[in-house]
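# Commentary on secondary and tertiary structure
Chain by chain, the residues:
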Amino acid sequence: MAAKRPNIIFIMADDHASKAISCYGAGINKTPHIDRLAEEGMRFDHCYVTNSICTPSRAAILTGTHNHVNGVMTLDDSINKHIPNVAKHLRTGGYRTAMVGKWHLGEGKAHEPTGFDYWSVLPGQGDYWDPTFIEPAGEKVESGYVTDIITDKCLTWMDEVKGKDEPFFVMCHHKAPHRSWECDDKHKDLYKEPIRVPETYDDDYKNRARAAKAAKMRVAEDLTYQDLGLVQPDGGNRVGERVTQESGSAQRKIPVTATKLIDKDDGTVFTFSNEADLSQFKFQRYMQRYLRVIQSVDDNVGRMLDYLDKNGLAENTIVIYTSDQGFFLGEHGWFDKRFMYEESFQMPFLIRHPASIKPGSICGDIICNVDFAPTFLDYAQLSVPSYMQGFTFRPLLEGNTPEDWQQVAYHRYWMHNDIIHHAYAHYGVRDQRYKLIYWYNDDMGVKGARPGAEEHREWELFDCEKDPLELFNVYNDAAYQATVERMQKMLETKMIQIGDTPAHKVKHVSLVRAAKL
């Protein structure tokens, strides 16, 4: 059995929007090596995250469970190393297992990676240059650029285990392209031509829930000097609003009234005559830095694929490329994620397995990050444990979508009114056409959440076919009341199935007995 089971390489970036992978067709950059996985395998157009923030998404992927079950609901939560996870099942089932790169599920003995024969992980967010890695023997600093180093470690480990009888499973978790977007030196001259500005960049947030306007993640207002590689002047609030980042470092935002900025690398001086010019500069600078960091990720995916080719491993190795969630690239004027709006909610997902997946195929069915672990176990010919809440999508990969496949994605963001971005707590569901969101605006006592706006609880419904930019909330539109009813029933059914507790008044109590989507 072991000789027939595939190796599994799971490559996950951090904050990589689908739009910034060229095979998704946005045309803003080129990622030829990542694109190979789509050309030689399958691209998913409707892969969704169950909580669009780093730590909870990683817990959902590792355990195959939603965050209210695995206990990792916010960035401030850590995973309990004793709970079951997919690596433990694969290791018990005869796989050699490794975890390299961004862990972000807590540090110290109680939260360290478990289920892995080898692990070497970044503390917290980690550093782009000369990063520290935590290993069972302790911490050590590695010289160089983090994306290269993570790939080096993966390739070295694969080289050690490739000749053995057991198949291998490696989680290659890149830091990039997470904020503050520090690229490799060789990519500093890329993307100098202007990048197309999204048509919703100057969104006024009309016809939407209050949460959209309250969020502090606007490119024009909330990026810091460090984010854009600019010199931060000495001084207090006159040089910019102080903001504490996830790393604990205090930085200042670039004020919208700035008239002069200086590149901290080469001293170039940029001047601005008005706020509109400054806003456009910030967008272009943000996108340049973001896309340059991605180029290193693409290069290293190429190194990984070349290694498989040279060592005769490509045919029986599943290679996956994804991100822990989506990311806003100026849509609605934003950077960051957290929201259930499409750019943040959608994860890129590309997968190649020559033995079972038709090259160049595209899947329009809905999958979620809790489905990853059951799919790994299915390919490994191991039983999917009853605690997992996701479903194997192997039939989809083989071109056979089951008639009863759940064409629904559930999302719940718990970290209400967080101190950095002020994003409101919400949950909702999306099917192939509609998206229903309930903004419950309650901190629920979870870590990192804060009170605020509880009096503004509200619903949103978007018709993603007629309104793909999600500009018009039609929840109160008379023409959509049957859809509202159906989507609320779908939401309540899903919450019952996964054991989540509604914050709204349940309308379909009879669903508690047994409801099927």
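Described in the following lines is the structure provided in the data block. Remember, predicted model here, so these are calculated numbers, not experimental data. (Residues numbered from 1 in each chain as written. Predicted model: local features only at pLDDT ≥ 70, side-chain atom pairs only at ≥ 80, totals over all residues. Heavy atoms only, no water.)

## As for the nonpolar core
Let me state the cut-off plainly: Here, nonpolar core refers to any group of buried Ala, Val, Leu, Ile, Met, Phe, Trp, Tyr and Cys residues whose side-chain atoms link them within 4.5 Å. Throughout, exposure labels follow a simple rule: accessible area from a 1.4 Å probe, protein chains only, divided by the maximum for the residue type, with under 20% read as buried, over 50% as exposed, and the rest as partly exposed. Note on conventions: DSSP H or I runs of at least 4 residues are helices, E runs of at least 2 residues are strands, and numbering of each starts at the N terminus. Any pair of residues with heavy atoms lying within 4.5 Å of one another is described as a contacting pair.
Ranked by size, the top nonpolar core spans 142 residues in total, and within it Phe-44, Tyr-286, Tyr-290 and Phe-372 carry the most contacts. Ranked by residue count, the leading element in this core is helix 8 (residues 275–310), at 15 residues. Excluding residues that lie within four positions of it along the chain, Tyr-286 makes contacts with Trp-181, Val-219, Leu-223, Leu-228, Phe-327, Phe-328, Leu-329, Gly-330 and Phe-335.

## Some thoughts on unusual backbone geometry
Across the junction of Ala-176 and Pro-177, the peptide omega takes the value 0°, indicating a cis bond. With respect to the helices and strands, Pro-177 occurs in the loop between strand 7 (168–173) and helix 6 (210–214). Of note, the bond from Arg-179 into Ser-180 is cis; its omega dihedral lies within 30 degrees of zero at 25°. A positive phi angle, close to 45°, is found at Asp-130, a residue other than glycine. Mapped onto the secondary structure, Asp-130 falls in the loop between strand 4 (118–122) and strand 5 (132–135). For Asn-441, which is not glycine, the phi dihedral falls at a positive 50°. Locating Asn-441 in the fold gives a position in the loop between strand 18 (434–439) and strand 19 (458–463).

## What about the packing of helix 1 (residues 32–39) against helix 8?
Selection criterion: Axis geometry follows a simple rule: fit a line to the C-alpha atoms, using only the stretch in contact for helices, then measure angles between N-to-C directions, giving values from 0 to 180 degrees. Should an angle lie under 35 degrees it is considered roughly parallel, over 145 roughly antiparallel, and from 65 to 115 roughly perpendicular; all remaining angles are considered oblique. Amino acid classes used here: Ala, Val, Leu, Ile, Met, Phe, Trp, Tyr, Cys and Pro are nonpolar; Asp, Glu, Lys and Arg are charged; the rest, including Gly, are polar.
For the pair helix 1 and helix 8, the least separation of the axes is 7 Å and the interaxial angle reads 55°. Between helix 1 and helix 8, the angle falls in the class oblique. Contacts between helix 1 and helix 8 involve Pro-32, His-33, Ile-34, Arg-36 and Leu-37 on the former and, on the latter, Asp-298, Asp-299, Val-301, Gly-302, Leu-305, Asp-306 and Asp-309. Broken down by class, the residue content of the contact of helix 1 with helix 8 amounts to five nonpolar, two polar and five charged.

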